[in-house]
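# Architecture at a glance
Each chain is listed here by its residues.
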Amino acid sequence: MSQWLPINELAEKVQAGELSACELVGQALETIAANTEFQAIIATLEVRARERASEIDARISKGKTVGRLAGVPFIAKDNFLVFGTETTAASNILKGFNAPYQATAIEKLEAEGAICVAKANLDAFAHGSSTENSDFMTTKNPHDPTRVPGGSSGGSAAAVVLDMAPFALGTDTGGSIRLPASFCGCVGYKPTYGLVSRSGVVAMSSSSDVIGPLTRSVVDAALVLDVISGRDELDSTTIERDNNPYNDLASTGLAGKKIGIVRQYVGEGLDDRVRPVIEAAIQRLRTAGADIKEVDLPSVTAALAAYYIIVPAEISSNLSRYDGQRFGYSFEQATNLYDSFAKTRARGFGREAKRRIIIGTYVLSSGYYDAYYKRAQTVRTKVIGEFDQAFAEVDFLLGPTAGITAFPIGELADDPLQMYFTDTMTVAANLAGLPAISIPAGLSDNMPVGLHLIAPQRADRALLELAKAAEGALA
Amino acid sequence: MAKLTREDVLKLAGLARIDLDDAEIEEFAIACGAILNYAETLQAIDIAGLLPTSQVTGLTNVMREDVVKNYGYAPADLLKNVPHVEDDQIKVKRMIG
């Protein structure tokens with residue numbers, strides 16, 4: 001049972017003076033303090049949050065207008081720059097980095113009165129599927145602290161499920177919002193690429209990164225999306241948003257909705273203990289009126305291979321800025337420029353970051369660029385084409401978010417390629433820039449299982465409507 | 001399984017401006033070799049007639065007005081993380097000569 005009302009109701013009560021922003025922030029901070037053993041939080045922003053809460057309460061008592069999210073506490077993955085606070089991306093190379101500006105998504109939320117109370121743990125630079133690659137600590141799954149929360153937004157997912165705040169922000173490049181949502185048992189929304197500005201968010205793979213909310217309900221996710229989405233002059237890859245609010249969701253239910261089960265997602269990659277949960281969920285959607293059939297996405301395996309060539313390449317480019325000259329850790333004993341770069345990066349980066357930088361440098365190097373990177377980008381085109389074909393037959397696609405439930409901490413630590421496999425169900429949506437969502441579908445051996453839904457590009461509202469109906473059918 | 005040579009990895013480390021220890025060189029020699037598996041998977045895919053996708057939005061030539069905009073930050077704000085600052089400039093090691 002959550003201590004938080006739905007986000008819109010929470011804000012309404014604050015606006016009406018029935019709840020105070022200070023109270024809500026206090027509640028959030030208490031819950032955070034009571035759950036430190038899960039290691040979901042890198043730092044709280046107590047002073048800043050309480051100041052903002054007081055300001056909001058003062059405005060309300062004077063009858064001034066406050067925003068649509070007035071007083072609502074939230075937690076941001078620590079790759080979001082929040083002005084004047086330490087932003088680390090869970091990497092030693094950014095320890096002590098004090099954000100000199102802030103992410104547009106944070107600006108928009110704060111403009112509507114929401115209050116950032118803490119920064120959540122992640123795999124360093126968002127490189128990972130389990131949050132075990134954080135340079136600081138591993139976050140524990142709220143359902144079983146011996147298991148991972150998923151990643152890379154593991155701290156954000158755990159924070160929502162531990163009821164620390166009504167919502168958290170995450171980023172998703174290959175499944176990093178949806179996988180932890182699936183492993184921890186909450187809603188994780190990946191918008192259409194470009195719908196939400198990436199300005200002020202530590203870059204990983206610029207052609208695939210998106211920002212999105214983790215929440216306890218689809219309706220809450222839709223409201224957060226509505227606040228954070230829109231063209232931003234600071235991010236030239238942003239697209240026009242819908243004119244109508246994303247949280248204005250029609251309640252048309254599932255009747256007649258055409259959904260395609262991706263045959264390749266329910267094949268041998270789907271664990272036999274997870275399968276019955278997914279099949280039962282699909283049956284409930286059918287009973288509620290959904291028109292469900294199987295469709296093919298033959299390039300699913302190729303999508304994972306393309307992803308793990310394209311993404312390290314883009315990572316190697318984006319991480320070249322961490323050179324010890326303008327911000328972040330700097331190796332002070334260097335006697336020449338090369339050492340200043342090379343020893344700073346050697347000491348500051350963790351193992352996975354270095355692995356991806358070297359792989360990325362390899363696939364982009366002269367003589368290999370065409371065979372690896374360019375070919376992968378062309379397979380990407382093929383994957384996009386297969387989605388287009390599938391969406392000619394159905395309106396939405398469905399599968400499990402992951403073929404497994406949360407695995408024990410340390411189990412995949414020595415096997416990076418096995419770890420990469422956990423992304424099999426989620427990466428294709430990133431390559432194609434499509435909106436996708438994970439909603440809780442049930443439990444397998446007491447661990448959460450997520451149902452994954454994908455829609456065509458820019459069909460975010462339709463996807464949220466479907467997800468809301470599916471959530472109801474699975475309740 | 002195919003793997004890169006130590007020299008190959010050191011060359012990549014040079015390009016990426018990152019020092020690696022012996023354990024890392026060995027590990028990444030294998031890791032890069034494993035990427036060859038991914039590449040083989042992709043070699044087998046028929047991509048005839050397809051062009052590479054470098055971005056999915058379809059946006060081109062996103063422009064803005066050529067005017068200076070004041071975001072309200074003082075130079076000191078923006079330089080506060082710089083290790084060595086002199087006269088609002090970022091000081092680095094000698095590059096030439």
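Residues numbered from 1 in each chain as written. Chains lettered and ligands numbered in written order. Predicted model: local features only at pLDDT ≥ 70, side-chain atom pairs only at ≥ 80, totals over all residues. Heavy atoms only, no water.

A few words now on the packing of aromatic side chains. For the structure on display, the rule yields 16 aromatic pairs over all chains. Taking the centre distance of 6.3 Å and the plane angle of 35° together, the rings of A:Phe83 and B:Tyr73 count as tilted. With A:Phe83 in the loop between strand E2 (73-77) and helix H4 (104-111) and B:Tyr73 in the loop between helix H2 (22-43) and helix H3 (75-79), this residue pair bridges two chains. A centroid spacing of 5.6 Å and a plane angle of 20° characterise the contact between A:Tyr368 and A:Tyr372, whose relative ring orientation is stacked. Relative accessible area serves as the criterion here: at 36%, A:Tyr368 is assigned to the partly exposed category. Site record: aromatic cluster; members linked through ring pairs are A:Phe97, A:Phe125, A:Tyr322, A:Phe327 and A:Phe349. (Phe/Tyr/Trp six-rings, centres within 6.5 Å; stacked < 30°, edge-to-face > 60°. Helix = DSSP H or I, 4+ residues; strand = E, 2+ residues; numbered from the N terminus. Buried < 20%, exposed > 50% of the residue type's maximum accessible area, 1.4 Å probe, protein only.)

Take the pairing of strand E6 (residues 210-215) of chain A next. All names here are of chain A. For E6, the tally of buried residues reaches six of six residues, placing the bulk of the element in the interior. Relative to E6, strand E4 (residues 167-172) runs antiparallel, the two being bridged by six bridges. Note on E6: the bridge partner recorded for phenylalanine 167 is threonine 215. (Pairing = 2+ DSSP bridges.)

In this fold, A:Gln377 is placed in helix H12 (residues 370-393). One polar contact links A:Gln377 to A:Arg380, side chain to side chain, over a distance of 3.1 Å. With near-sequence residues (within four places) excluded, A:Gln377 lies in contact with A:Ile310, A:Glu314, B:Leu51, B:Pro52, B:Thr53 and B:Ser54. (Polar contact = N/O pair within 3.5 Å; in protein donor to acceptor, adjacent residues only side chain to side chain. Contact = heavy atoms within 4.5 Å.)

Attention now moves to the pattern of salt bridges. Considering all chains together, one arrives at 31 salt bridges over all chains under this definition. Residue A:Arg241 is joined to A:Asp226 by a salt bridge in which the shortest nitrogen-to-oxygen separation is 2.6 Å. Here A:Arg241 is found in the loop between helix H7 (218-228) and strand E7 (258-262), whereas its partner A:Asp226 is found in helix H7, with 15 residues between them in sequence. Looking at A:Arg241, the relative accessible area reads 22%, which means it is partly exposed. A relative accessible area of 8% places A:Asp226 in the buried class. Bridged by salt links that share partners, the residues A:Arg351, A:Glu352, A:Lys354, A:Arg355, A:Arg356, B:Glu24 and B:Glu27 form one connected network. (Salt bridge = Lys/Arg side-chain N within 4 Å of Asp/Glu carboxyl O.)

Let's shift gears to the nonpolar core. Residues and elements named next belong to chain A. Among the nonpolar cores identified, the biggest contains 99 residues, and Ile75, Leu109, Val117 and Ile437 are the most heavily contacted of them. Looking at this core element by element, the count peaks at eight residues for H7. Setting aside anything within four residues of it in sequence, one finds leucine 109 in contact with Leu69, Phe74, Ala114, Phe167, Leu169, Val224, Val227 and Ile228. (Core = buried A, V, L, I, M, F, W, Y, C linked by side-chain atoms within 4.5 Å.)

Residues and elements named next belong to chain B. Of all residues in chain B, 99% attain a pLDDT of 70 or more, and the chain-wide mean is 92. Per-element confidence in chain B ranges from a low mean pLDDT of 89 for H3 to a high of 97 for helix H1 (residues 6-15). Here the predicted complex carries an ipTM of 0.95, next to a pTM of 0.97. (pLDDT = per-residue confidence, 0-100.)

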